[in-house]
Amino acid sequence: MKKILLAICIVFTVSNCSNEYLETPSLTQIAEGNFWQSESDAFLALNGVYSSLQARSLYGGSLNAFQGIPGYDCLGDNSFNQYKWEGPGVFMEGNYDPTNRQFSGIWDDSYRGIARVNGVIKNVKDISEDLVPLETKDALLGQAYFLRALLYFNLAVYFEDAPLITEPQTLETAYVAKNTYAEITEQIIEDLKFAIDALPASHPDNLYGYATKGAALGLFARVQLYNKQYDGEFGVLALTQEAMGLGYMLHPNYGALFTPANETSAEIVFAVRFFANPVSNNGETFSATFNGTPKVDQRPMPNLVKDYYCTDGLPITSSPLYSAADERLNRDPRALATIYFKNDQFLDDPVRVFPGNGPTKYGMRKYIRRGPDADGNGTGGAGSQDFYILRYADILLMRAEAFAETNDIPGARSLINQVRGRVGMPSIESVEGAVNQQQMIEIVRHERRVELALEGLRFMDLKRWGTIEEAFNRAIADPVGPYNPQYRGGKSEVFPIPQSEIDVNSKLVQHPDW
């Protein structure tokens with residue numbers, strides 16, 4: 001399968017995909033005399049925004065380097081960042097302060113993307129319709145507003161208050177104060193409303209990877225779920241209902257979904273595309289692993305593993321099917337697709353068997369390579385696995401959560417049964433039976449955990465539910481060492497603005513929790 005969209009060097013060979021271009025903070029300053037003269041210039045600039053999502057601190061991820069969003073399940077109770085210096089480990093142990101650099105990358109690279117997208121928005125609006133037809137301009141703007149909303153939503157979740165910049169900056173306007181979380185959210189909502197109206201339901205195959213109407217609806221639903229806005233024209237229920245009518249479906253094989261072979265599955269609503277070869281160099285490292293043990297820097301926690309039910313739908317504490325001697329037996333298939341257990345083969349070339357070693361005794365399986373990929377990339381370097389930001393299962397679970405929170409038990413039950421049914425797990429009726437609202441909320445939260453584990457969403461869920469301290473307590477109780485999580489109130493729930501930013505911008509004020 002050829003990946004067209006983000007293989008920027010292939011699509012735009014004449015530009016040589018120079019480092020200078022990729023590092024340019026504002027696309028308005030690229031050869032002003034001869035740029036923005038054609039439709040292809042506009043698409044080149046837009047692809048520059050997409051390329052910013054590939055940054056290691058955003059969705060490119062890492063192995064033996066500062067962590068990106070794919071590793072953020074280490075912020076909480078799902079996984080242990082064994083290489084603590086990568087970021088989540090020191091954050092969990094309370095050894096992080098604004099002078100640390102581990103999370104400055106998500107700030108820097110988000111604003112690098114925002115600078116690019118603001119340039120695209122301004123110049124697409126300004127360019128003559130003789131050069132770019134109005135219909136194409138609207139489509140380009142829909143892409144741009146979606147991307148800006150995505151970048152700002154990440155900043156809002158992890159930093160809460162941050163500068164809201166919506167125009168290209170000059171040296172004179174570069175230093176700005178931060179805006180409130182509410183102001184940022186208001187802008188995100190306006191951007192996504194435009195994107196929903198402007199984006200098509202699908203793109204031609206050669207443009208696969210560009211955001212669609214479904215992607216905008218899904219991201220909007222995630223924003224509204226985070227803010228507990230369930231009802232109304234732009235509530236979670238309305239947004240997910242519209243997304244469900246766009247042709248998405250659950251992939252029949254859960255485990256195979258997280259491989260390059262199924263990146264274009266009808267379950268994928270939006271993904272960041274990666275393509276590592278000698279020509280493009282647009283690779284990722286979140287799927288990389290060393291050959292000695294699977295994904296050594298991210299280890300699934302025992303409390304996560306224990307949370308997967310047996311195939312009869314019962315917890316391991318009450319199911320007669322559970323075997324302490326072999327934890328793999330009779331478990332939710334998603335456990336076996338997400339986690340390596342002792343004696344599992346985790347590499348095919350060369351053949352390697354996981355001995356069940358390491359501080360948690362488990363290994364990460366989801367997304368992780370099992371040998372050289374189809375492009376000839378080895379297991380430990382850059383690879384070509386797409387990272388799924390939104391998939392249809394999440395759309396269903398967001399809708400189920402909104403139903404549960406508004407006390408529509410049948411609505412939530414039907415959706416949970418659909419997600420469980422994909423992997424052959426029993427229905428709510430056959431196991432839990434009749435449930436009340438609080439029980440349904442707990443069922444939905446459990447289902448989100450086991451369905452979306454190790455996809456970088458856990459911290460966002462815990463923060464939305466107000467249960468980060470509980471997650472810290474679960475991590476503390478796990479027999480993992482040396483690991484000493486310390487819950488520090490607000491300092492464990494929000495990143496500080498990097499001190500380096502405050503040092504150069506007198507208008508910036510640190511988050512009050514820091």
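Placed above this text is the structure.
Quick summary incoming for the structure in this document. For clarity, every value in this text was computed on a predicted model and none was experimentally measured.

**Digging into the overall build of the protein**
For the protein, the helix and strand inventory stands at 20 helices and eight strands. The C-alpha radius of gyration computed for the protein amounts to 22 Å, which stays within 12% of the reference 24 Å derived for 514 residues, consistent with globular compactness. When the backbone C-alpha atoms are referred to their principal axes, the protein occupies close to 75 × 50 × 45 Å. When each of the 514 residues of the protein is scored for burial, the buried share is 59%. Taking contacts inside the protein between residues at least 6 apart in sequence as the whole, the part at least 24 apart equals 69%. Here the protein has roughly 19,300 Å² of accessible surface; of this, 51% comes from carbon and sulfur atoms. Put simply, the protein has 45 plus and 63 minus side-chain charges, and the middle of one group is 6 Å from the middle of the other.

**Observations concerning helix 3 (residues 39-52)**
With 14 residues, helix 3 ought to run about 20 Å at 1.5 Å a step, and its terminal C-alpha atoms sit 21 Å apart, in line with that. Three or more residues of helix 3 are buried, namely Asp-41, Ala-42, Leu-44, Ala-45, Leu-46, Asn-47, Gly-48, Val-49, Tyr-50, Ser-51 and Ser-52.

**Some points on a negative patch on the surface**
Where like charges cluster on the molecular surface, the negative patch consists of Glu-129, Asp-130, Glu-135 and Asp-138. By the secondary structure assignment, Asp-138 is in helix 7 (residues 134-159).

**Comments concerning the pattern of salt bridges**
If you walk through the whole model with that rule in mind, you get 35 salt bridges. Between Glu-284 and Arg-369 there is a salt bridge whose closest N-O contact spans 3.7 Å. Placement of Glu-284 in the loop between strand 2 (268-272) and strand 3 (298-300) and of Arg-369 in the loop between strand 7 (363-364) and strand 8 (387-391) is noted, with a sequence separation of 85 residues between them. The class of Glu-284 is buried, set by a relative accessible area of 0%. The class of Arg-369 is buried, set by a relative accessible area of 8%.

**Some words on unusual backbone geometry**
Most peptide bonds adopt trans geometry, and most residues besides glycine take a negative phi value. Across the junction of Asp-349 and Pro-350, the peptide omega takes the value 0°, indicating a cis bond. In this structure, the amide linkage connecting Gly-481 to the following residue, Pro-482, adopts the cis form with an omega of -5°. Tracing the backbone through its elements, the reader meets Pro-482 in the loop between helix 19 (468-477) and helix 20 (499-504). Positive phi outside glycine occurs at Asn-330, with the angle close to 60°. Classification of Asn-330 by relative accessible area gives partly exposed; the value is 37%. Non-glycine residue Asn-343 carries a positive phi angle of around 80°. Mapped onto the secondary structure, Asn-343 falls in the loop between strand 4 (339-340) and strand 5 (345-348).

**Notes on the side chain of Thr-338**
Within the fold, Thr-338 resides in helix 13 (residues 333-338). At 2.6 Å, the side chain of Thr-338 and the backbone oxygen of Arg-334 are in polar contact.

**Observations regarding the pairing of strand 8**
Where burial is concerned, most of strand 8 is hidden: five out of the five residues are buried. Of the strand pairs in this sheet, strand 2 and strand 8 are connected by four bridges, and their pairing is antiparallel. Among the inter-strand pairings, Val-272 is bridged to a residue of strand 8, identified as Phe-387.

How each quantity is defined
Residues numbered from 1 in each chain as written. Predicted model: local features only at pLDDT ≥ 70, side-chain atom pairs only at ≥ 80, totals over all residues. Heavy atoms only, no water. Helix = DSSP H or I, 4+ residues; strand = E, 2+ residues; numbered from the N terminus. Rg over C-alpha atoms; globule rule 2.2 N^0.38 Å. Buried < 20%, exposed > 50% of the residue type's maximum accessible area, 1.4 Å probe, protein only. Contact = heavy atoms within 4.5 Å. Areas by Shrake-Rupley, 256 points an atom, 1.4 Å probe, with all protein chains shown as cover. Lys, Arg positive; Asp, Glu negative; His and termini not counted. Charge placed at Lys NZ, Arg CZ, Asp CG, Glu CD. Expected span 1.5 Å × (residues − 1). Patch = residues over 30% accessible without salt bridge, like charges linked within 9 Å, V, L, I, M, F, W, Y side chains within 5 Å. Salt bridge = Lys/Arg side-chain N within 4 Å of Asp/Glu carboxyl O. Polar contact = N/O pair within 3.5 Å; in protein donor to acceptor, adjacent residues only side chain to side chain. Pairing = 2+ DSSP bridges.

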